[in-house]
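Structural overview
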Protein chains: 2
Amino acid sequence: MENGSRHVLKPMDSEQLREYGHRVVDFIADYYKTIESFTVLSQVQPGYLHNLLPDSAPDHPETVEQVLDDVKTKILPGVTHWQSPNFFAYYPSNSSVAGFLGEMLSAGLGIVGFSWVTSPAATELEMIVLDWLAKLLNLPEHFLCKGNGGGVIQGSASEAILVVMIAARDKVLRSAGKNSLGKLVVYSSDQTHSALQKACQIAGIHPENCRVLKADSSTNYALRPELLQEAVSRDLEAGLIPFFLCGNVGTTSSAAVDPLAALGKIAKSNEIWFHVDAAYAGSACICPEYRQYIDGVETADSFNMNAHKWFLTNFDCSLLWVKDQHALTEALSTNPEFLKNKASQANLVVDYKDWQIPLGRRFRSLKLWMVLRLYGAETLKNYIRNHIKLAKDLEQLVSQDPNFEVITPRIFSLVCFRMVPIDDDENKCNSRNLELLEAVNSSGKLFISHTALSGKIVLRCAIGAPLTEEKHVKETWKVIQEKASYLLRK
Amino acid sequence: MENGSRHVLKPMDSEQLREYGHRVVDFIADYYKTIESFTVLSQVQPGYLHNLLPDSAPDHPETVEQVLDDVKTKILPGVTHWQSPNFFAYYPSNSSVAGFLGEMLSAGLGIVGFSWVTSPAATELEMIVLDWLAKLLNLPEHFLCKGNGGGVIQGSASEAILVVMIAARDKVLRSAGKNSLGKLVVYSSDQTHSALQKACQIAGIHPENCRVLKADSSTNYALRPELLQEAVSRDLEAGLIPFFLCGNVGTTSSAAVDPLAALGKIAKSNEIWFHVDAAYAGSACICPEYRQYIDGVETADSFNMNAHKWFLTNFDCSLLWVKDQHALTEALSTNPEFLKNKASQANLVVDYKDWQIPLGRRFRSLKLWMVLRLYGAETLKNYIRNHIKLAKDLEQLVSQDPNFEVITPRIFSLVCFRMVPIDDDENKCNSRNLELLEAVNSSGKLFISHTALSGKIVLRCAIGAPLTEEKHVKETWKVIQEKASYLLRK
């Protein structure tokens, strides 16, 4: 490779791939071996890398050693270590040996599976594996691939919610007329992920038609069906068209769970598309004891769970099931001559290009298939249960400390807590909790994040990194307590 | 792992990653060693995989050997081998050792870089590497990251065109009022990729406001500026709002190149957002002798080139540059409490989540960086030149055979040709060419695709797979000639 500039490049030499591939496998294995030695949240300053790298691409080849050396000395300091056992921020983004191998295979085969014909195995494995997972989740039959429904891998929950919103929008506009866009109304609780707002922006839903319904501690931040019913009735009276409802199973702020069955009933009787966002908590619902949290999913038009969050499948792998695939394909199909082929024309196959925003797509089902096969359903359930147990233990530790309070009852693996207010001063309490957040995260020993619930700043500890064990959670709690004591002494 | 069901799973064991990682590297290296032995276009029947795999996920772990064995015996027969040296369909989707190593590193680090703080290196390397490539392409200064502009990696050209269309739409609607959506008009030639139509569908542009302007052989399928000017004037007179123009450098059908400077002038004087889609041919423009084809790009508001097509960077890696990043972020930003952080709040950093549809994003700049460093700019130019030379040779072979004709003059590495009509019967000629397509592709020896130009079915041979050498092109031409002779004898 080093002398490549003088020759025509042979960029896919199998023996070079073997040699360098082995080297990078060792590099990554060594990374995981030492992952606890890194500062979890990167502490670099904005612009740090600009000074470390040249201003332009090299004219001539450099060596793998040079690049890996730069990864070590220049890139890694700027990495926030999502796979660290001490990463508790946001929600986890699981990686695993199986997921990693699946990514390698997918990158190695290098196919682009937009239409069935461009690699039948990519489309078919995706259909099969999404059916497998639908069965593990005990989803209703109409989400399986055999009828009008089916599953598809999207890049993210944002894309999942966008494509179903477009499908729902166009379905309504086909009868109401395309000039009715300004009448379409979207419903959700104020705990819903910002992905919904973004989807509305992209789909052109008027901001004043987005009903962000208040949820509070009285329902543990779940949406109250009465509020939805009232809002829908008001909008109908005003001549508007209710068309889309997003229900949550495990919100990003506090893992709140909306009452799906009651919401779905209202949606159904008003012909509203009901989307269920279970991006994080969906994974837990493969365990029979947690399946109750998606009870009512049979009333939904679409259901989303991110295998790349808490299901050991490397990002990106967001699983979307729909009841009516034709609503999706009617909104998203194009049929240019250069992509026509016999199987598609004869309507014998699924072409996933018409279920998603992009045309191209990677062979992402491979990694999910490998996770399911190399670990097996029972082991995966225990994996989830272990995280939930660790969170339960932490919840107890928090509740035993008089300086702290648990803010919402923990359901899955997220613990929401804060330092208690002193003299009822909520403002000072918020500042103190933000100070605590800053103090623990800048220690480099762990990374937690925050949210706001009913005006309170709340700290979030989401357990779910693949390497997290009991000792990490205990040590994390110790660091938080120490930093809190220091703040209180100040 | 095999006994994992009895224990809590340790899914990210570094020594297991090392052992299995090496095994999969060997699997992939062996695949490339034997890639020419596979049928290029998969010949399986729809539904083939359903009968080969179980109906549900296993309860207990299986071994890596079992899975790799299934990949070999069940998946590979259903794979269409995009990396085969005999893959000439659509446009290439390059993989390379460097791109593969970059994907491995990205999957290995397992970060999610939506905001700067979630891994500063991911955002900063992306900015740096996009600047590197902008300089290689000699793009105007305003596309560099230092000012209001900048580059970003999107998943695909479809997403690139969608985000800039949304940005342009919302910019206009902010002044014209959101009820003006029905007045917005989009312009392009009829040779433009279906990604534009899809973006219009998603963005809610009314279908009757999509001006698909006819291009024909008189301009080698480039859009005539007069046609654009006429259409814009007509729409203005009708009280409509021209707002988006897509120009092409290397269309999917025939690699046609629109006259950017002339189109850009019209766009500018009418305040139309001018997007340039150079998804395929943009790569060639790093060579000084091909840079002319993007002359006029300085009049564009956005420019897109897919590094995952012809630039050795594994899918997905679609490079988008914009002149005004604020137009993007105003349309796509959300700012939930749970993502707030000091660096973002202080406006010190770029948060790429606001430049794209999804929230999450992989560390995709790593693979582009590795391609640029391990190969170097000069070698990459020669790589492109070699493919173009091979295409030139094929063009000559075609033009020398009286049974065939070249349909449009070749500019880059795509040769458009067909069997000539007999007795001026165009219909029969079209059928015969489709028969030829079927015959060569079902031989398994190669894969070419087709398009339609002015009603003629045209065969496309796009040279650009990383392993393609002179002998493959010659052999491919021989197969095509043989199958054609057979059809003519019939």
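Residues numbered from 1 in each chain as written. Chains lettered and ligands numbered in written order. Predicted model: local features only at pLDDT ≥ 70, side-chain atom pairs only at ≥ 80, totals over all residues. Heavy atoms only, no water.

Let us now look at the relation of the copies chain B and chain A. Each copy of the sequence occupies a distinct position, and chain B is placed on chain A by a rotation of 180° and an axial shift of 0.0 Å, giving an RMSD of 0.0 Å. These values place the two chain copies in the arrangement generated by a two-fold rotation axis. Same-surface contact between copies: 100% of interface residues of chain B are shared with the interface of chain A. (Least-squares fit on C-alpha atoms with pLDDT ≥ 70 in both. Contact = heavy atoms within 4.5 Å.)

Before going further, it helps to spend a moment on the sheet that holds strand β9 (residues 414-419) of chain A. Residues and elements named next belong to chain A. The 4 strands are arranged β8-β9-β11-β10 in an open sheet whose pairing can be described as antiparallel. Looking along the sheet, the strands with just one partner apiece sit at the ends: β8 (404-406) and β10 (449-453). Shown here is a sheet whose adjacent strand axes are inclined to one another by a mean of 40°, direction ignored. As paired strands, β8 and β9 are joined by 3 bridges and run antiparallel to one another. (Pairing = 2+ DSSP bridges. Helix = DSSP H or I, 4+ residues; strand = E, 2+ residues; numbered from the N terminus. Axes fitted to C-alpha atoms, helices over the stretch in contact; angles between N-to-C directions.)

All names here are of chain A. Its 17 residues give helix α14 (residues 426-442) an end-to-end C-alpha distance of 24 Å, which sits within 8% of 24 Å, the value for a rise of 1.5 Å per residue. Looking at the buried side of α14, the elements it contacts are β8, β9, β10, β11 (456-462) and α15 (470-489). The N-cap of α14, judged by a side-chain oxygen 3.1 Å from the amide nitrogen of N427 a few residues on, is D425. (Expected span 1.5 Å × (residues − 1). Polar contact = N/O pair within 3.5 Å; in protein donor to acceptor, adjacent residues only side chain to side chain.)

Moving on: the domain arrangement of chain A. Residues and elements named next belong to chain A. Segmentation of chain A into domains returns domain 1 (12-41 + 80-94 + 383-490) and domain 2 (111-375). A C-alpha centroid distance of 29 Å is found between domain 1 and domain 2. With 24 residues of domain 1 at the interface, the matching set in domain 2 holds 29 residues. Between domain 1 and domain 2, roughly 2200 Å² of surface is buried when both sides are summed, and carbon and sulfur atoms account for 63% of that area. When the buried area of domain 1 at its contact with domain 2 is split by residue, Y91, I384 and F412 rank highest and sum to 33% of it. Linking domain 1 to domain 2 there are 1 salt bridge. With its nearest N and O atoms 2.6 Å apart, the salt bridge here joins R385 to E289. At the boundary of domain 1 with domain 2, the tally comes to 12 residue pairs in polar contact (both at pLDDT 80 or more). Elements with a contribution of two residues or more to the side of domain 1 that touches domain 2: α13 (377-400), β9 and β10. Within the side of domain 1 that touches domain 2, the residues separate by chemical class into 14 nonpolar, 8 polar and 2 charged. (Domains from an automatic or database assignment. Buried area = accessible area lost by both parts, 1.4 Å probe. Salt bridge = Lys/Arg side-chain N within 4 Å of Asp/Glu carboxyl O. Nonpolar A, V, L, I, M, F, W, Y, C, P; charged D, E, K, R; others polar.)

Residue and element names in this part refer to chain B. Close contact between helix α12 (residues 365-375) and helix α13 (residues 377-400) brings their axes to 6 Å; oriented N to C, the two are set at 95°. In terms of axis orientation, α12 runs roughly perpendicular to α13. Here α12 contributes V371, L372 and Y375 to the contact with α13, which in turn contributes A377, T379 and L380. Its residues placed into classes, the contact of α12 with α13 shows 5 nonpolar, 1 polar and no charged. (Parallel < 35°, antiparallel > 145°, perpendicular 65-115°, else oblique.)

Looking now at the sheet that holds strand β5 (residues 273-277) of chain A. Residue and element names in this part refer to chain A. The strand order β1-β7-β6-β5-β4-β2-β3 describes an open sheet built from 7 strands, whose pairing is mixed. Every interior strand has two partners, whereas the edge strands, β1 (150-154) and β3 (210-213), have only one. Pairs of neighbouring strands in the sheet enclose a mean axial angle of 20°, with direction left out of account. By the bridge criterion, 5 bridges tie β1 to strand β7 (residues 318-322) in an arrangement that is antiparallel. Note on β7: the bridge partner recorded for G150 is V322. Relative to β7, helix α4 (residues 120-136) is tilted by about 85°, and along the sheet it contacts β1, β6 (302-306) and β7.

Turning our eyes to something else, we now look at the pairing of strand β2 (residues 184-189) of chain B. Residues and elements named next belong to chain B. Counting buried residues in β2 gives 6 out of 6 residues, a clear majority hidden from the surface. With burial as the criterion, each face of β2 is covered, one bearing L184, V186 and S188 and the other bearing V185, Y187 and S189. Of the strand pairs in this sheet, β2 and strand β4 (residues 241-248) are connected by 4 bridges, and their pairing is parallel. Pairing of L184 across the sheet is with I241, part of β4. Strand direction decides the pairing type here: β2 and strand β3 (residues 210-213), joined by 4 bridges, are parallel. Bridge pairing in β3 places S189 opposite L213. (Buried < 20%, exposed > 50% of the residue type's maximum accessible area, 1.4 Å probe, protein only.)

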